[in-house]
Amino acid sequence: MERTQRRRTHQKILLPLALAGLTISACGGGSGTEATGEYDPDAEITLTIAWWGNDERVQMMMEVFDLFEDEHPNIAIQAEPTGNPEDLFNRLSTDFAAGGGPDIFALGGSMPLEYGAAGQLLDLYTVEDYVDIESYGEFSRVDATIADELYGLPTGGNSIGLLLNERLFDEVGVPLPEEDWGWDDFVEIAGEISAGTPDDVYGLDLRIQDALGVYVSQSTEYGLYDWDGGLLASEDELEPWFNQTVEMVENGGLPDPSIIVEHHNVTPDQSLFGTGHAAMSFAFTNQMPSYTAALGDDPIHVVAPPTDTGLVGADVSPSQFWSINAGTEHPQAAAMLMDFMLNNHEVAEIIKDDRGLPFNPEILETVQPLLDPASADAAEYLLQIMEDPIGKPPAPPGASVQRELSQRMESDILFGERTVEEAVQYWINHMEEQLEQ
Amino acid sequence: MSSLGELRTIAKQTKAQKSEKRAKRTYRDNKAGFVFMLPWITGFFVFTVGPMLVSLYLAFTDYSLLQPPQWTGLDNFTRMWGDERLWKSLEVTFIYVFVSVPFVLALALAVAVLLDRGMRGLSFYRSVFYLPSLMGGSVAVAILWRQVFGYDGIVNGFLGLFGIQGPGWVAHPDYALGTLIVLNIWTFGSPMIIFLAGLRQIPDMYYEAANVDGAGKVRQFFTITLPLLTPIIFFNLVLQTIFAFQNFTQAYVVSGGTGGPSDSTLFYTLYLYQQAFNSPMQMGYASAMAWLLVLFIGGLTAVNFWLSKYWVFYDD
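All figures in this text were calculated on a predicted structure; none of them were measured in a lab.

### Here's the deal with the overall build of chain A
(1) Moving on: Check the secondary structure of chain A and you find 17 helices and 13 strands.
(2) Moving on: Its C-alpha atoms give chain A a radius of gyration of 25 Å, within 12% of the compact-globule value 22 Å for 437 residues.
(3) Moving on: For the C-alpha atoms alone, the extent of chain A along its principal axes is close to 95 × 45 × 40 Å.
(4) Moving on: Expressed as a percentage of the 437 residues in chain A, the buried residues total 46%.
(5) Moving on: Counting only contacts in chain A whose residues sit at least 6 apart along the sequence, the fraction spanning at least 24 positions is 76%.

### A few points about the overall build of chain B
(1) Moving on: For chain B, the helix and strand inventory stands at 13 helices and two strands.
(2) Moving on: A globule of 316 residues ought to have a C-alpha radius of gyration of about 20 Å, yet chain B, at 28 Å, is considerably larger.
(3) Moving on: C-alpha atoms of chain B, sized along the principal axes, occupy 110 × 75 × 35 Å.
(4) Moving on: Relative to its full complement of 316 residues, chain B shows a buried share of 30%.
(5) Moving on: Put simply, of all contacts in chain B between residues at least 6 apart along the chain, 70% involve residues at least 24 apart.

### Observations concerning the sheet that holds strand β11 (residues 300-303) of chain A
Residues and elements named next belong to chain A.
(1) Moving on: Taken together, four strands build an open sheet; the order of strands is β9-β10-β8-β11 and the sheet is mixed. Only two strands of the sheet have a single partner each, and these edge strands are β9 (202-205) and β11. Within the sheet, the average angular offset between the axes of one strand and its neighbour, ignoring direction, is 25°.
(2) Moving on: The sheet contact formed by strand β8 (residues 160-165) and strand β10 (residues 278-284) spans five bridges and is antiparallel. Looking at the pairing, L162 lines up with F282 of β10.

### Examining the packing of helix α11 (residues 288-295) of chain A against helix α15 (residues 373-386) of chain A
Residues and elements named next belong to chain A.
(1) Moving on: Look at α11 against α15: their axes get within 9 Å of each other, and the N-to-C directions meet at 145°. Crossing hand, α11 versus α15: right-handed. The segment α11 lies against α15, with M288, P289 and T292 engaging A374, S375 and A378.

### Quick word on the domain arrangement of chain A
Residue and element names in this part refer to chain A.
(1) Moving on: In terms of domains, chain A is made up of domain 1 (37-157 + 318-386) and domain 2 (160-314 + 398-436).
(2) Moving on: On a C-alpha basis, the centroid separation for the pair domain 1 and domain 2 is 30 Å.
(3) Moving on: With 13 residues of domain 1 in contact, the opposing surface of domain 2 contributes 13 residues.
(4) Moving on: Per-class residue counts for the side of domain 1 that touches domain 2 are five nonpolar, five polar and three charged.

### Thoughts on the domain arrangement of chain B
(1) Moving on: Segmenting chain B into domains produces domain 1 (2-58) and domain 2 (79-311).
(2) Moving on: The distance between the C-alpha centroids of domain 1 of chain B and domain 2 of chain B comes to 43 Å.

### Let's talk about the sheet that holds strand β1 (residues 45-50) of chain A
All names here are of chain A.
(1) Moving on: Spatial ordering of the open sheet is given by β2-β1-β3-β13-β6, a layout of five strands whose pairing is mixed. Every interior strand has two partners, whereas the edge strands, β2 (75-79) and β6 (153-154), have only one.
(2) Moving on: Inspection of the sheet shows β1 paired to β2 by five bridges, in the parallel sense. Opposite T46, over in β2, you have A76 as the bridge partner.
(3) Moving on: Contacts from helix α12 (residues 331-343) reach β1, β2, β3 (104-107), β6 and β13 (321-324) within the one sheet, and its direction differs from that of β13 by about 170°.

### Some details on α12(A)
Residues and elements named next belong to chain A.
(1) Moving on: Counted at 1.5 Å a residue, the expected span for α12 with its 13 residues is 18 Å, and the 18 Å between its end C-alpha atoms agrees.
(2) Moving on: Of all 13 residues making up α12, ten are buried, and the element is well covered by its neighbours.
(3) Moving on: When α12 is considered as a whole, its buried residues turn out to be P331, Q332, A333, A334, A335, M336, L337, M338, M341 and L342.

### Brief notes about the environment of D170(A)
(1) Moving on: Relative to the helices and strands, D170(A) is located in helix α6 (residues 166-172).
(2) Moving on: Along the primary structure D170(A) and L370(A) are separated by 200 residues, whereas in three dimensions their C-alpha atoms are 29 Å apart.

### A word on the pairing of β1(A)
Residue and element names in this part refer to chain A.
(1) Moving on: Each parallel crossover has a hand, and the one from β1 via helix α2 (residues 55-71) to β2 is right-handed.
(2) Moving on: As paired strands, β1 and β3 are joined by two bridges and run parallel to one another. Following the sheet pairing, I49 is matched in β3 by I104.

### With respect to the interface of chain B and chain A
(1) Moving on: Counting residues at the interface gives 20 residues for chain B and 25 residues for chain A.
(2) Moving on: Among the residues making up the side of chain B that touches chain A, the classes are represented as eleven nonpolar, nine polar and no charged.

### Remarks on the nonpolar core
(1) Moving on: With 169 residues, the main nonpolar core has L47(A), I104(A), L163(A), A190(A), L337(A) and M338(A) as its most contacted residues.
(2) Moving on: No other element matches helix α3 (residues 84-115) of chain B, which puts ten residues into this core.
(3) Moving on: Once you skip the residues sitting within four places of it in the chain, L163(A) turns out to touch F273(A), M280(A), S281(A), A283(A), Y291(A), I300(A) and V302(A).

### Description of the packing of α3(B) against helix α8 (residues 189-201) of chain B
Residue and element names in this part refer to chain B.
(1) Moving on: Two numbers describe how α3 lies on α8: the axes approach to 8 Å, and their chain directions differ by 50°. Compared by their axis directions, α3 and α8 come out oblique. Where α3 crosses over α8, the two elements pack in a sense that is right-handed. Judged by residue contacts, V104, L105, A108, L109, V111, A112, V113 and L115 of α3 engage P191, M192, F195, L196 and L199 from α8.
(2) Moving on: Of the residues contributing to the contact of α3 with α8, the split by class is 13 nonpolar, no polar and no charged.

### Overview of the environment of H277(A)
Residue and element names in this part refer to chain A.
(1) Moving on: Along the chain, H277 falls in the loop between α10 (257-262) and β10.
(2) Moving on: The exposure class of H277 is buried, given the 20 C-beta atoms found within 10 Å.
(3) Moving on: A sequence separation of 91 residues divides H277 from F186, and the C-alpha atoms of the two residues are 17 Å apart.
(4) Moving on: With residues up to four places along the chain from it excluded, the contact list for H277 reads D200, V201, Y202 and L272.

### Quick look at α2(A)
Residue and element names in this part refer to chain A.
(1) Moving on: An ideal rise of 1.5 Å per residue puts 24 Å on 17 residues; α2 measures up with 25 Å between its terminal C-alpha atoms.
(2) Moving on: Along α2, the residues classified as buried are M61, V64 and F65. All buried residues of α2 lie within an arc of 105° about the axis, which places them on one face of the element. Along α2, exposed side chains directed more than 90 degrees from the buried face belong to D55, E56, Q59, M62, D66 and D70.
(3) Moving on: For α2, the elements touching its buried residues are β2, α12 and α13 (345-351).

### With respect to unusual backbone geometry
(1) Moving on: Although it is not a glycine, E221(A) adopts a positive phi angle of roughly 70°.
(2) Moving on: Unlike most non-glycine residues, L65(B) shows phi in positive territory, near 75°.
(3) Moving on: Checked against the element boundaries, L65(B) lands in the loop between β1 (61-62) and β2 (70-71).
(4) Moving on: Taking the C-beta count within 10 Å as the criterion, L65(B) has 21 such neighbours and is therefore assigned buried.

### Observations concerning the confidence of the model for chain B
(1) Moving on: In this model, chain B carries an average pLDDT of 86, and 91% of its residues clear a pLDDT of 70 or more.
(2) Moving on: Under the prediction, the complex receives an ipTM of 0.76, its pTM being 0.80.

### Focus on the environment of G33(B)
Residues and elements named next belong to chain B.
(1) Moving on: One can find G33 in helix α1 (residues 2-58).
(2) Moving on: For G33, a count of 10 C-beta atoms within 10 Å puts it in the exposed group.
(3) Moving on: On a C-alpha basis, the gap between G33 and F188 in space is 37 Å, while along the polypeptide they are 155 residues apart.

Criteria and cut-off values
Residues numbered from 1 in each chain as written. Chains lettered and ligands numbered in written order. Predicted model: local features only at pLDDT ≥ 70, side-chain atom pairs only at ≥ 80, totals over all residues. Helix = DSSP H or I, 4+ residues; strand = E, 2+ residues; numbered from the N terminus. Rg over C-alpha atoms; globule rule 2.2 N^0.38 Å. Buried ≥ 20, exposed ≤ 12 C-beta atoms within 10 Å, placed from the backbone. Contact = placed C-beta atoms within 7 Å. Pairing = 2+ DSSP bridges. Axes fitted to C-alpha atoms, helices over the stretch in contact; angles between N-to-C directions. Left-handed = near helix turned anticlockwise from the far one by under 90°. Domains from an automatic or database assignment. Nonpolar A, V, L, I, M, F, W, Y, C, P; charged D, E, K, R; others polar. Expected span 1.5 Å × (residues − 1). Right-handed = clockwise from strand over helix to strand, strands pointing away. Core = buried A, V, L, I, M, F, W, Y, C linked by C-beta atoms within 7 Å. Parallel < 35°, antiparallel > 145°, perpendicular 65-115°, else oblique. Arc of directions from axis to C-beta. pLDDT = per-residue confidence, 0-100.

In structure tokens, the structure reads:
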């Protein structure tokens, strides 16, 4: 008698457990990109959010979440930040494989397209009642759009410019470059500055990953890739680029190859430019605060890269995106949080240009007067470029190998492991192989 | 007669009963053992055997984590043949193993013999020499290594005293692997401790007899110490070889995850990691690579055991 009763109690516990298990796995398995149901302002909701960045950014985000929770007492936010983007992407992909993941998260580069194509992201048009999409111009949505489905909204815009350390230019007595300068002038100036400064100061801190795309765009107009996701860059642009690099190592404008390689993947504050050991460097404009902080009193100036074709080659592109998990149980609430982070003026005063200059024109108006001088300089440069946008096609899936490949070919050339022609051929073959997949 | 027969049957029966009891008892004993082992067994099957079987399956698929794996048969394995970076990574790994392991063993043995002479403060020195192997695999030391052998590092600072300007050692394809080999040799502490224990096992009487016969220290080392230590050397050799094959952290941190410059520090495990986690993620190919590594390590260990017949001397 006692025994049967005990068995029944077991069943009482086990049955709901089993059902719960089924429901959970059902949720995880569903990878539809439709938002279902209505937002219920009385329902208790917990949203998980993930991004990458430093402690300052964490502080900033916490402040934003406090404001959001004050406005929506039924929603609790659980923050899951990581230090660098790779950690977040590794985490997301393993989460997705297991059928879970945070409700809303930051993505970069071609990730919105890659994850979106794999069915892991929510089409934001299904929640457009909850997040303002209209304020984002067509050009700022291209990098997250597949077949009329939108997989992310940009946190802000970014462009590549040439940073100049004015103190070093003054020291050598080289005038700051004029607007219409060519690459030959550039090579010459780099060499001049190296010659006129102490041995451990160089003309250029070359970060190929930032500069190559701009250089190629000046000839191909649309950059490295075409609109069909194929490769647009060819020997005609790549060979001159690498030859020029070799030339600058020879004329002293660039440091010893082992120093270049040593600084391939360092953060701005550890780079040659950031430590005052180089007079010029290509960089993304949203890195200005990091460089300014690292250089202290040295004034930095942003100018357009040199060009031989009259085209600037630089384009304004989204620095990061906010995207929503296709498997989230609270698509509307997640969209509300996204809207709050992107389109709320009070929040904009906290975040400013931390993830790029806001694309929403009204938010930009709020942010612009609050920028420090270096960031304001960068913003001016950015707006100037935005006036005449190139309209580059988005980086296609598979393009994310470009950075690593370019660095590898650069060091192969500089250390004499491959000739320029061999390296360029390898680069093209490998890129084409990756883009086909 | 009949009573005797009866007695025999009774004896047989009790014997049978006894053995049955014994069988039951051993069974019960084993059961207790299994219960105690249960946590380990569960972990072993869930966290080791399970994932291994899954990775064996994935080795025959195309799997990006984002979408379900697709069966591709032997594609991953045929692709390995044509993958020049994979062969480069094997070359790097084999150089690393074949250069660093002998040095580690030689240095560990030399220091162990020195320490075995019973000097004052022995335990202090033992700890000092052991310390690097506790830290050597850590990220912190790898970062330190990057600085020490960097362009502005201590090594070049020292060379600068003699007017020599060295390259950035960790960022030059001719030297980068060398700095990692030095790092591995520096962590000779754990084989050293094992050697020390082995040296203590050699009975003093051999040395006493050798002394009486007039054999010098060098002769004693080669004819007594070394032969009696061969089982320990063998043990360390097998272990260090396996460890060296699996080196990952140091190469990852020192090269910033790239295996550069020019793939000169592209260890097999690092390339495997890149295939798995760098975009585009190819878990299937990485799994196939992992199984190739298992074959390599297994094969080399087998060769080691086979060769051991010819040089390892067991005292008992």
